[in-house]
Protein chains: 2
Amino acid sequence: MAMIKKPVTGMKDILPAEMRIRDYVTQLVKETYQTFGFTAIETPAVEHIENLLSKQGGENEKLIFKILKRGDKLVLDDKTREDDLADSGLRYDLTLPLSRFYAAHSAELPNPFKALQIGPVWRADRPQKGRFRQFVQCDIDILGDATNLAEIELITATTTLLARLDFKNFTVRINDRRILRAMALCSGFGEDDLDTVFIILDKMDKIGAEGVREELVSAGYDSGCIDRYLSLFREGANDASYLKSLSDELSEYLDGDCISGLCDIMESVEQVKNADFNVVFDPTLVRGMSYYTGTIFEITMDEFGSSVAGGGRYDEMIGKFTGSKVCACGFSIGFERIITILLDRDYQVPGSKEKYAFLIEKGASGDFTASVMQEAMRLREQGACVLVSMMNKNKKFQKEQLEKEGFSADNIREFYYSEFKR
Amino acid sequence: MAMIKKPVTGMKDILPAEMRIRDYVTQLVKETYQTFGFTAIETPAVEHIENLLSKQGGENEKLIFKILKRGDKLVLDDKTREDDLADSGLRYDLTLPLSRFYAAHSAELPNPFKALQIGPVWRADRPQKGRFRQFVQCDIDILGDATNLAEIELITATTTLLARLDFKNFTVRINDRRILRAMALCSGFGEDDLDTVFIILDKMDKIGAEGVREELVSAGYDSGCIDRYLSLFREGANDASYLKSLSDELSEYLDGDCISGLCDIMESVEQVKNADFNVVFDPTLVRGMSYYTGTIFEITMDEFGSSVAGGGRYDEMIGKFTGSKVCACGFSIGFERIITILLDRDYQVPGSKEKYAFLIEKGASGDFTASVMQEAMRLREQGACVLVSMMNKNKKFQKEQLEKEGFSADNIREFYYSEFKR
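Calculation notes
Residues numbered from 1 in each chain as written. Chains lettered and ligands numbered in written order. Predicted model: local features only at pLDDT ≥ 70, side-chain atom pairs only at ≥ 80, totals over all residues. Heavy atoms only, no water. Least-squares fit on C-alpha atoms with pLDDT ≥ 70 in both. Contact = heavy atoms within 4.5 Å. Salt bridge = Lys/Arg side-chain N within 4 Å of Asp/Glu carboxyl O. Buried < 20%, exposed > 50% of the residue type's maximum accessible area, 1.4 Å probe, protein only. Helix = DSSP H or I, 4+ residues; strand = E, 2+ residues; numbered from the N terminus. Expected span 1.5 Å × (residues − 1). Bend = angle between axes of the 7 residues up to and from the residue. Phe/Tyr/Trp six-rings, centres within 6.5 Å; stacked < 30°, edge-to-face > 60°. Lys NZ or Arg CZ within 6 Å of the ring centre and 35° of its normal.

**As for the relation of the copies chain A and chain B**
No. 1: Superposition of chain A onto chain B requires a rotation of 180 degrees combined with a translation of 0.0 Å along the rotation axis, giving an RMSD of 0.1 Å. Viewed as a symmetry operation, the transformation between the two copies matches a two-fold axis.
No. 2: A shared interface surface links the copies, since 100% of the contact residues of chain A are contact residues in chain B too.

Quick look at the structure:
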């Protein structure tokens, strides 16, 4: 019988030391977001294949783990195609299931509805270091709120959480899909060019303005158009005055409320924040997902390459299920990224319980063992962790191992039946 | 585009009210078991199909959700059979993944290793009321401890947890697979009869001794054999003296240590327990899984039909992966069953945070909104839950809804920009 010890390709077992940090962060996420009025929900890991393939998930749809039909539904003959084999699959994000959830249950939910989801998603990405095929996403979403309050609450809640995890000096970058569009359109790009232009623009932080220019030229765009476009961006420009100046240039392509709304969000977050971070306007921020319709935002830290959180407004997606428009705005922290950073920092979970190890001499009677366990129960009732074990032959080695696991020498107690003798 | 609102067949969305209870129980499980020295681990939801089909899971193997091979691995032609389509599947329990986990990582783990797992498993059971195709299991296991300490700790930890959830007056039933075998063998049944005999014996609590006799007769067993077998059971007999009397009758078929060990466990649990329950010997307790090798146990409550926890010793299973014997003993609470009971009881999560709702007049300036949110942040820092919302046109309805969601009228505050006027 072939029994395979390793986890399946691209997935990983989580050992106690990492699990301690994951459990702590999960609990902190729940406690923090709940103070902002978010309530936890859960959807099944398995989704209808029709929903998963609805083109809401962009490139991620190619990475779906599909689940085989069962029983009579599975027909195998010479005409069977891959599409005939699966009627469900593992979810690749939490946003699509949230939309389905809201469409199914909105009558039972408050309005606006502030949802918190933490759970695994699956993507059959090419396995690579630090990137797994099962990973946890952690999303907060506000459904049914068209006002800026949604953005302000999402940003304030997320930054409060990061601060509680000792993240400092980070930057919230904010943009709006409508500004992104307007800047391209007013420069002379066409609607059909936008996807390509934004994919190139997204590289600005890596290849700089000249790199972007070169790639746009290579892609065959008109140089006048490219010049106009690049002249709209200013190096390091990220203040409200720049944002307001754009307002005039883009007025033909953009509702004036869009820029003033963005200014309001930035100013309010600055006033309300209780963490160490900056809010900046970033006209080069693109965010890949096609479902975003308005504001988009991301949190970056200089010390780490990629972002630790991202989100935005997606006012059209839920309507695909419900048939009527439901405003929505969400912010997702990079749970796995944050765990990796904390592990790299050798992060110590605060408020850990006192730990004792009780070692009982081998061959002890039931009564003696019970008396030791009663003592253990008294400490446990006070919240301490007490490990009760039989004493090994090599007691020295056993105690060394216990010290490695965080039991201090003072808290390792030995109980000898032979001394007890009654 | 067909977008389906309902979850896939047999799976369910979890709404905020149930989620609050699930999160509370999960956290209590972790806190309680950690005081007993259990450490949390996690394995991927997806397992190798070879491991899932290794016959450790009994009937559950028929219920596996299989995952389609990807890319070049998926070959479809006229010879393709179902077995060619999948190389992995969703785990149907937590015991098999734990065995694989331990085989892969034992060198990095303490010995004995006390594992805690809480996570979803999937079984393609026929959908029925209260039974879902994705459900949470919650297991504690002690690996590498051959002594009774394992059983005593598992039972004490589980009963402590149940007591913290206000479960009272429950019964821990305990038996041993070896006693079960010995009672059948000494009555004259053969090795090959055991599976069938135990399936019938398992119905004792429902159909009584006479029902069991009838079914054994129908199954074609010798009546002398059946008489001898049934004479070994005593109605309501569950004390240590009965257990000891069995010892003599079974001596030819049973190592004497087995019964004295069971007595030790029962006596120690009675001495150590700090919850309201009884421990009884139950010679009719069977527990289905074929991997059990020694003690088996279950927790029942008169008010509920089925058991709320079950487990036992399985000393042979992990060796299938590692090649060398590793003793193992586990206890699993019926997480979903317990949640259902708590929901039916209208269980109120203790220590819930104070909740406020701040309603802001529509059209308020950014500054005014920010000042309200600053006030909200002060309360949030103290741990309170503060929901900040814009005031609806129908304020009365909005406030009624908030009261239904648990915001007391006193804690719903209105903020008027028009009064603020500065």
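**As for the pattern of salt bridges**
Residues and elements named next belong to chain A.
No. 1: Enumeration over the complete set of coordinates arrives at 50 salt bridges over all chains.
No. 2: Its salt-bridge partner being Glu18, residue Lys12 comes within 2.9 Å of it at the nearest N-O pair.
No. 3: The partly exposed category is assigned to Lys12, whose relative accessible area is 25%.

**A word on helix α7 (residues 204-218) of chain A**
Residues and elements named next belong to chain A.
No. 1: The end-to-end C-alpha distance of α7, which contains 15 residues, comes to just 16 Å, noticeably less than the 21 Å that a straight helix rising 1.5 Å per residue would cover.
No. 2: When the local axis directions of α7 are compared, the greatest deviation, roughly 75 degrees, occurs at Glu210.
No. 3: Elements that come into contact with the buried residues of α7 comprise α6 (194-201) and α8 (223-231).
No. 4: Following α7 by one or two positions, Gly220 has its phi on the positive side, about 95 degrees.

**Re the packing of aromatic side chains**
No. 1: The final tally for this structure, using the stated rule, is 28 aromatic pairs over all chains.
No. 2: Summarising the aromatic geometry, the rings of A:Phe358 and A:Phe415 are spaced 4.9 Å apart at their centres and angled 50 degrees between planes, so their arrangement reads as tilted. Linking A:Phe358 in strand β12 (residues 355-360) with A:Phe415 in strand β14 (residues 412-415), this pair joins segments that are 57 residues apart in sequence. One exposure class covers both A:Phe358 and A:Phe415, and it is buried.
No. 3: Between B:Phe368 and B:Tyr417, the ring centres sit 5.5 Å apart and the planes meet at 50 degrees, which makes this aromatic pair tilted. Here B:Phe368 is found in helix α13 (residues 366-381), whereas its partner B:Tyr417 is found in helix α15 (residues 417-420), with 49 residues between them in sequence.
No. 4: Taken together, the ring pairs in this structure connect A:Phe189, A:Tyr221, A:Tyr229 and A:Phe233 into an aromatic cluster.
No. 5: One residue, A:Arg70, lies across the ring of B:Phe65, its end atom 6.0 Å from the ring centre.
No. 6: Against the face of B:Phe167 rests B:Arg345, its NZ or CZ located 4.6 Å from the ring centre.

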